[in-house]
Amino acid sequence: EDQVTQSPEALRLQEGESSSLNCSYTVSGLRGLFWYRQDPGKGPEFLFTLYSAGEEKEKERLKATLTKKESFLHITAPKPEDSATYLCAVQENSNSGYALNFGKGTSLLVTP
Amino acid sequence: EPEVTQTPSHQVTQMGQEVILRCVPISNHLYFYWYRQILGQKVEFLVSFYNNEISEKSEIFDDQFSVERPDGSNFTLKIRSTKLEDSAMYFCASTRGYNEQFFGPGTRLTVL
């Protein structure tokens, strides 16, 4: 059973059409939740870290929020260059080596 | 801005051959990681390395895999006898602690 589930798997938006991506997680003790962006054939690019429920982080058109069971990545007025796969990953308190457990990602396509 | 580098970008090998993937982590980072991503699948944790020893490893990281930090800058992943199912993108990552991990561009390994 996956500990990190992202939805939707794919999302197509018109430029300027705001939306949210979801990441739900089931871990016993969350140390941190991370959002990454991944372009095709490239490595994940760090976006945000959230550590506690109620926390919010913002960067340009992106805003990440965290509750005790899920995180949202809100995209406001997206542009075509925001097209990418967005990955969510959790880090558990029990991980001695601080490993990240990734979800399968949401593939976002923003059309002009 | 400092970044993680990886070589080669693409490695093609025959089944049963040994391969070494190389990474140069960010210079003041202390924790080093290898992840892999099979085409179309999620990013999976392999191993974490701290203070010249493995701090955590996944079920994927069996006896065919080994890691080494041969000098003050390089971090390597060795696969002793490659299998077809080892074909994937391999990502190196580094961090100063339990916070955000920075990923390299990846090495695409193709096993024939």
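Described below are features of the structure shown in this document. Each residue is numbered by its place in its chain's sequence as written, counting from 1. Labels follow written order: the first chain is A, the first ligand is 1, and so on. Under the rules for a predicted model, residues below a pLDDT of 70 receive no local features and side-chain atom pairs below 80 are neither given nor counted, while totals for whole chains, interfaces and linings still include all residues. Side-chain metrics in this entry use all non-hydrogen atoms of the structure; hydrogen atoms and water are not considered.

## Details of the sheet that holds strand β6 (residues 56-59) of chain A
Residues and elements named next belong to chain A. In spatial order, the strands read β1-β3-β8-β7-β6; together these five strands make up an open sheet with antiparallel pairing. Since the sheet does not close on itself, it has two edges, and those belong to β1 (4-7) and β6, each with one partner. Taking the axes of each pair of neighbouring strands and ignoring which way they run, one obtains an average angle of 15° across the sheet. Bridge analysis of strand β3 (residues 19-25) against strand β8 (residues 70-75) gives six bridges, and the strand direction is antiparallel. Residue pairing across strands places Ser24 opposite Glu70, the latter belonging to β8. What makes two strands pair is DSSP finding at least two bridges between them. Strands are runs of DSSP state E lasting at least 2 residues, helices are runs of H or I lasting at least 4, and numbering of each runs from the N terminus. Between the N-to-C directions of two axes lies an angle of 0 to 180 degrees, each axis being a line fitted to C-alpha atoms and, for a helix, fitted only over the stretch in contact.

## A look at the nonpolar core
Counting residues in hydrophobic clusters, the biggest one holds 24 residues, and the most contacted among them are Leu33(A), Trp35(A), Leu73(A) and Tyr86(A). Here, nonpolar core refers to any group of buried Ala, Val, Leu, Ile, Met, Phe, Trp, Tyr and Cys residues whose side-chain atoms link them within 4.5 Å. To sort residues, take the accessible area from a 1.4 Å probe on protein chains only and compare it with the maximum for the residue type: under 20% means buried, over 50% means exposed, and anything in between is partly exposed. Residues Val4(B), Phe65(B), Tyr90(B) and Val111(B) belong to the second largest nonpolar core, which totals 21 residues.

## What to know about the interface of chain B and chain A
Across the contact, 22 residues belong to chain B and 24 residues belong to chain A. With both chains or domains summed, chain B and chain A bury close to 1700 Å², and 56% of this area falls on carbon and sulfur atoms. Elements supplying a minimum of two residues to the side of chain B that touches chain A: β4 (31-37), β5 (43-50), β6 (53-57), β9 (88-95) and β10 (102-103) of chain B. Broken down by element, the residue count for the side of chain B that touches chain A peaks at four residues, all from β4(B). Partitioning the side of chain B that touches chain A into residue classes produces eleven nonpolar, seven polar and four charged. Residue contacts are counted whenever heavy atoms from the two residues lie within 4.5 Å of one another. Buried area: the accessible surface (1.4 Å probe) lost by two parts on joining, summed over both. Ten residues, namely Ala, Val, Leu, Ile, Met, Phe, Trp, Tyr, Cys and Pro, are considered nonpolar, four, namely Asp, Glu, Lys and Arg, are considered charged, and the remaining ones, Gly among them, are considered polar.

## Some details on the pattern of salt bridges
All names here are of chain A. For salt bridges, the criterion is a side-chain nitrogen of Lys or Arg within 4 Å of an Asp or Glu carboxyl oxygen. This model, assessed by the stated rule, comprises five salt bridges over all chains. Close ionic contact of Arg37 with Asp39 constitutes a salt bridge, the shortest N to O distance being 3.1 Å. The class of Arg37 is buried, set by a relative accessible area of 15%. Residue Asp82 pairs with Arg61 through a salt bridge whose shortest N-O separation is 2.8 Å. Taken together, the residues span a long stretch of sequence, with Asp82 in the loop between β8 and β9 (84-92) and Arg61 in the loop between β6 and β7 (62-66) at a distance of 21 residues. What makes Asp82 buried here is its relative accessible area of 6%.

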